[in-house]
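Fold and geometry: a report
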Amino acid sequence: MKKIHDKGYEVLYFLDERDEFAAGIMMQYDEKPFQSVNKSDLDLDTEEEKKAKEEKTEENKDMLTAMKEALGDKVKEVRISSRLSEDPVCIVSDEGVSLEMEKFLANDPMNRGVKATKILEINPDHPIFTTLQKMYEKDPESIKDYTDVLYNQALLIQGLSIEDPASYAKKIADLMVKAAEL
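Each chain carries its own residue numbering, running from 1 in the direction its sequence is written. Side-chain atom pairs in this predicted model are given and counted only at pLDDT of 80 or more, local residue features only at pLDDT of at least 70, and totals for whole chains, interfaces and linings cover all residues. Note: side-chain values were computed over all heavy atoms of the structure, leaving out hydrogens and water.

Here's the deal with the sheet that holds strand β3 (residues 77–80)
If you trace the 3 strands from one edge of the open sheet to the other, you get β3-β5-β4, paired in mixed fashion. Every interior strand has two partners, whereas the edge strands, β3 and β4 (89–93), have only one. Each strand axis lies, on average, 30 degrees off the axis of its neighbour in the sheet, ignoring direction. Two elements, β3 and strand β5 (residues 118–122), share 4 bridges in a ladder whose sense is parallel. From the neighbouring strand, V78 faces β5, where its bridge partner is L120. The rule for pairing is simple: two strands pair if DSSP sees at least two bridges between them. Strands here mean DSSP runs of E at least two residues long; helices mean DSSP runs of H or I at least four residues long; both are numbered from the N terminus. For helices, the axis comes from a line fit to the C-alpha atoms of the stretch in contact; other axes are also lines fit to C-alpha atoms, and the angle between any two N-to-C directions lies between 0 and 180 degrees.

Next comes the structure, spelled out in structure tokens:
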């Protein structure tokens, strides 16, 4: 949200689970279309910003591929984010079911496992990105645990549940022990 505010966009907050239905029906207000900040195709970058993002992506292509492979089918893609300014990661949804809709349907007893197609975005300007680059260069296998922790953090930030909280807590503890040994 900070980056969107910094670019001067007005934000309409929908706080109720059902608000997404209303926005979908209305589609626009005062000839301005509604656009979810949680969708993958949020295009707010200048040409200069797009070029910088492409360069960062190309420089880190192998690491991003390794991160995607570590997550398997949990995400469609792992990519460099241009929407983050302070947070290290976020989850956005691709076309189709939104993250909010996934949360709404999770409470429906008739839900048949409808899930949003998730994309993990990582902030290249956050210190964790530099740490990931160093870890990947030093020990490419270690990226798996860090990726899993970041993915679960992004889910929690988004208000989604994680599959295995005990495993998540253990990985954090293990990584803290390793960090203390360095």
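Looking at the packing of helix α6 (residues 127–138) against helix α7 (residues 143–158)
The interhelical angle for the contact between α6 and α7, taken along N-to-C directions, is 155 degrees, at an axis separation of 10 Å. Viewed along their axes, α6 and α7 adopt a mutual orientation that is roughly antiparallel. Counted together, I128, L132, M135 and Y136 of α6 and I143, Y146 and L150 of α7 form the full contact between these two elements. Residues are grouped as follows: Ala, Val, Leu, Ile, Met, Phe, Trp, Tyr, Cys and Pro are nonpolar; Asp, Glu, Lys and Arg are charged; all remaining types, including Gly, are polar. Looking at the contact of α6 with α7, its residues break down into 7 nonpolar, no polar and no charged. Comment on the angle field: the value is read as roughly parallel under 35 degrees, roughly antiparallel over 145, roughly perpendicular from 65 to 115, and oblique elsewhere. A contact between two residues is defined here by any heavy atoms of the two lying within 4.5 Å.

Comments concerning the environment of L12
Counting through the fold element by element, L12 comes out in the loop between α1 (2–6) and α2 (19–26). According to the relative accessible area criterion, L12 is exposed, its value standing at 54%. Through-space distance from the C-alpha of L12 to that of H126 is 27 Å; in sequence the pair is 114 residues apart. Only protein chains enter the accessibility calculation, which uses a 1.4 Å probe; a residue whose area is less than 20% of its type maximum is buried, one above 50% is exposed, and one in between is partly exposed.

Focus on the pattern of salt bridges
A pair is scored as a salt bridge if a Lys or Arg side-chain nitrogen falls within 4 Å of a carboxyl oxygen belonging to Asp or Glu. Inspection of the entire model under this criterion finds 10 salt bridges. Across the salt bridge formed by D148 and K74, the nearest N and O atoms sit 3.6 Å from each other. Taken together, the residues D148 in helix α7 and K74 in the loop between α4 (61–71) and β3 connect sequence positions 74 residues apart. The exposure class assigned to D148 is buried, which follows from its relative accessible area of 11%.

Here we look at the environment of V75
Mapped onto the elements, V75 comes out in the loop between α4 and β3. Measuring from C-alpha to C-alpha, the distance between V75 and K103 comes to 17 Å, with 28 residues separating the pair along the chain. Residues within four places of V75 in sequence aside, it is in contact with K68, K118, L120 and Y151.

So, the nonpolar core
Put simply, buried Ala, Val, Leu, Ile, Met, Phe, Trp, Tyr and Cys residues joined by side-chain atoms within 4.5 Å make one nonpolar core. Ranked by internal contacts, the top residues of the largest apolar core, which has 28 residues, are M67, V78, I91, L120, I122 and L132. Of all the elements in the fold, those that place two or more residues in this core are α4, β3, β4, β5, α6, α7 and α8 (165–181). The greatest single-element share of this core, amounting to 7 residues, is contributed by α7. The residues contacting L120, other than those within four sequence positions of it, are L71, V75, E77, V78, R79, V89, C90, I91, L150, Y151 and A154.

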